[in-house]
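# An overview of the molecular structure
Chain residues, written in single-letter form:
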Amino acid sequence: MADATIIIKEAEKKLAKQFEEIDDIAFYNQKKVLDAFNEFRVSSQCFHGSTGYGYDDVGRDTLAKIYAKVFGGEKAIVSPILTCGTHAITTVLYGILRSGDTMLTVTGLPYDTIHDTLFGKGNSSLEDYGVIYKQIDLKENSEFDLEKIFAEVEALKPKMVYLQRSRGYSNRKALSPYKMKELFEGVKKLSPETYIVVDNCYGEFVDRIEPTNVGADVIVGSLIKNPGGGLAPTGGYIVGTEKAIDLIATRYTNPSLKLELGSFEMGYRMFYQGFFMSPHTVAQALKGCFLVGQIMQDKGYKIIPENNEKPQDIIKSVVFNTPEELIKFVQTVQTISPVDSFALPLPWDMPGYNDQVIMAAGTFVGGASLELSCDSPIRAPYIAYFQGGLTYEHVKMFAEKLIELY
Ligand SMILES: *Cc1c(COP(=O)(O)O)cnc(C)c1O
């Protein structure tokens, strides 16, 4: 035990610079959030729920204004009625794309759970509705293939250019909003009517800006990841330009109801408090990623991204040689969880995923991955996608376990 304590202290010393930068970013983002709370005069009245149609639901409407402001958009949909990130993304896609339109993804194949939204016949997918899908992969070094993208945008004038900031279940790196600027400006110059949409899952508050700050029309994500701060019980958000959000709102509810309706009797305190906590909690998770990454790297495992690189999501991937090593890692996350620590996760067929997936999520909010959690499809290369941790101390306990086990 003494050994593990010393190893962790040494790892923390090596990470001092990274931790300082994480603290600076959290402080910067905390100010942004507090400013918005003050500007929109958040009071305890905003926490009360509504029922039925939810006309004039102050809590719902004020929360949306805060998200729009903090994330650099004009308008937002923030709702427990969006069941998850996948649902929020799907709402954006169906809201914007029409039969004959082209959706051009420029970061490779989107996240696994979106595939059935994109492809298939007779399943109400976009393909089923006649939307044309085109894909450009990232380059080997996880950079945008700008030449190819600009050529395609000029030729196709696509209705949508789609990006995924986080890595999903791939071994590429997550993308920095700062690096998106040149891409977005180029796209808008060649095709001003094109909507730029970013799946921002896991990216919120990791850096000082969001993709909307550099010209994305829409960003979208899950409230049981970063922006829920570990407290939001469910939901999704969509932030963007007024034009884009108005269009998406017609699909979110219907063309006449738009954003006028939607109630949540439980009230909104957890959504507000979670958003307030989020910059700090994201920082805790990021520090945990660095620490676990350092421990595993020092043991000879490859980690993505490397610890000398600035992260753009709250995930650290650890690459294992065998499925057994991977499964042990995921199961260890579960044994150190505050909830269901006695359960043993096993690889399983999950809705929305094509490979078997193993998931550890001993979380307060079911499946919430801003909490210490880990998930991996069982396919080579055997990569554990580890993320979250509401407190750095909790992740440190996981790191101690890893020192004993590997
Ligand atoms: C988690 C995630 C999603 C889907 O979110 P769910 O809430 O699990 O439906 C989509 N894209 C990325 C990159 C994600 O990480």
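Presented here is an overview of the structure given in this document. Residue indices begin from 1 for each chain and proceed along its sequence in written order. In view of the model being predicted, local features appear only for residues whose pLDDT reaches at least 70, and side-chain atom pairs are presented and counted only at 80 or more, with totals across whole chains, interfaces and linings using the full set of residues. Each side-chain value is worked out from all heavy atoms of the structure, with water and hydrogens disregarded.

### Considerations on helix 8 (residues 242–252)
- Buried, partly exposed and exposed residues are distinguished by accessible area as a fraction of the type maximum, computed with a 1.4 Å probe on protein chains only: under 20%, between the cut-offs, and over 50%, respectively. Helix and strand labels come from DSSP, where a helix needs a run of H or I of at least four residues and a strand needs a run of E of at least two; each type is numbered from the N terminus. Buried within helix 8 are the following residues: Ala244, Ile245, Ile248, Ala249 and Tyr252. All buried residues of helix 8 fall inside an arc of 135° around its axis, so they share one side.
- Those residues of helix 8 that are buried are in contact with strand 1 (75–79), helix 4 (85–96), strand 5 (195–199), strand 6 (218–222) and strand 7 (236–240). An arc is given here, and it is the one of the directions from the helix axis to the C-beta atoms. For this analysis, residues touch if any pair of their heavy atoms sits within 4.5 Å.

### Let's talk about a nonpolar patch on the surface
- Like charges are joined within 9 Å and nonpolar side chains (Val, Leu, Ile, Met, Phe, Trp, Tyr) within 5 Å, but only among residues with over 30% relative accessible area and no salt bridge; these make up the patches. The protein chains shown are the only cover counted for residues, whose accessible areas, like all others here, come from Shrake-Rupley with a 1.4 Å probe. Within this document, salt bridges are pairs made up of a side-chain nitrogen of Lys or Arg and a carboxyl oxygen of Asp or Glu, the two lying within 4 Å of each other. On the surface, Leu34, Phe276 and Met277 cluster together into a nonpolar patch covering about 230 Å² of accessible area.
- As for its position among the elements, Leu34 is in helix 2 (residues 16–39).

### Thoughts on unusual backbone geometry
- For the bond from Ile304 to Pro305, the omega torsion is -10°, close enough to zero to count as cis.
- Residue Pro381 follows Ala380 across a cis peptide bond; omega there is -10°.
- Secondary-structure assignment places Pro381 in the loop between strand 11 (373–377) and strand 12 (382–387).
- Phi at Phe205 takes a positive value of approximately 70°, unusual for a residue other than glycine.

### Some thoughts on the sheet that holds strand 11
- The rule for pairing is simple: two strands pair if DSSP sees at least two bridges between them. Taken in spatial order, the five strands make up an open sheet running 8-9-12-11-10, and their pairing is antiparallel. At either margin of the open sheet sits one strand with a lone partner, and together these are strand 8 (302–304) and strand 10 (357–360). The sheet shows a mean angle of 20° between the axes of neighbouring strands, direction not considered.
- Strand direction decides the pairing type here: strand 9 (residues 315–320) and strand 12, joined by six bridges, are antiparallel. Within strand 12, the residue paired with Phe320 across the bridge is Tyr382. Lines fitted to the C-alpha atoms define the axes, with helices restricted to the stretch that makes contact. Angles between their N-to-C directions range from 0 to 180 degrees.

### Here's the deal with empty space enclosed by the protein
- The pocket and cavity definitions rest on a 1 Å grid over protein atoms only: a 1.4 Å probe that fits but cannot leave marks a cavity, an open set with protein on both sides within 12 Å along at least five of seven lines marks a pocket, and residues lining either have an atom within 4 Å of a point. Grid points are joined across faces, edges and corners, and a volume is the space filled by probe spheres set on the points. Going through the model one piece at a time under the given rule, you end up with one cavity of 30 Å³ or more.
- The volume enclosed by the largest cavity comes to roughly 40 Å³.
- The wall of the largest cavity is formed by Leu286, Cys289, Phe290, Pro305, Pro311, Asp313, Ile314, Ile315 and Lys316.
- Elements represented by at least two residues in the lining of the largest cavity include exactly helix 9 (269–298) and strand 9.
- Residue contributions to the lining of the largest cavity peak at three residues, all from helix 9.
- Its residues placed into classes, the lining of the largest cavity shows seven nonpolar, no polar and two charged. All amino acids are sorted into three groups, where Ala, Val, Leu, Ile, Met, Phe, Trp, Tyr, Cys and Pro are nonpolar, Asp, Glu, Lys and Arg are charged, and the leftover types, Gly among them, are polar.

### A look at the pattern of salt bridges
- According to the stated counting rule, one finds 19 salt bridges in the structure shown.
- The partner of Lys75 in a salt bridge is Asp246, and the shortest N-O contact between them spans 2.6 Å. Placement of the pair is Lys75 in strand 1 and Asp246 in helix 8, with a sequence separation of 171 residues.
- Lys75 gets classed as partly exposed once you look at its relative accessible area, which sits at 26%.

### Re the side chain of Asp313
- When you line up the elements, Asp313 lands in the loop between strand 8 and strand 9.
- N or O atoms within 3.5 Å of each other form a polar contact, as long as, within protein, one can give a hydrogen and the other can take it, and as long as residues adjacent in sequence are counted only when both atoms are side-chain atoms. Side-chain polar atoms of Asp313 contact the side chain of Ser166, separated by 2.8 Å.
- Within the local environment of Asp313, its side chain forms a polar contact with the side chain of Arg167, the two groups lying 2.7 Å apart.
- Among residues more than four places away in sequence, those in contact with Asp313 are Ser166, Arg167, Ala174, Tyr202, Val206 and Leu286.

### Quick notes on the site of the ligand
- Around the ligand, the neighbouring residues are Cys84, Gly85, Thr86, Ile89, Tyr111, Gln164, Asp199, Cys201, Tyr202, Ser222 and Lys225.
- In this structure, an oxygen atom belonging to the ligand sits 2.7 Å away from a main-chain N or O atom of Gly85.
- Between the ligand and Thr86 there is a distance of 2.5 Å, counted from an oxygen atom to a side-chain nitrogen or oxygen.
- Here the ligand has 370 Å² of accessible area as a free molecule, and 90% of this is covered by the chains.
- Cavity and pocket membership follows a simple rule, namely that a molecule belongs there if more than half of its atoms are within 2 Å of the grid points. Judged by the proximity of its atoms to the pocket grid, the ligand belongs to the largest pocket.
- If you tally residues by element for the shell around the ligand, the top one is helix 4, at three residues.
- The residue makeup of the shell around the ligand, split by class, is five nonpolar, four polar and two charged. Here a residue counts as near a molecule or strand whenever at least one of its heavy atoms sits within 4 Å of it.

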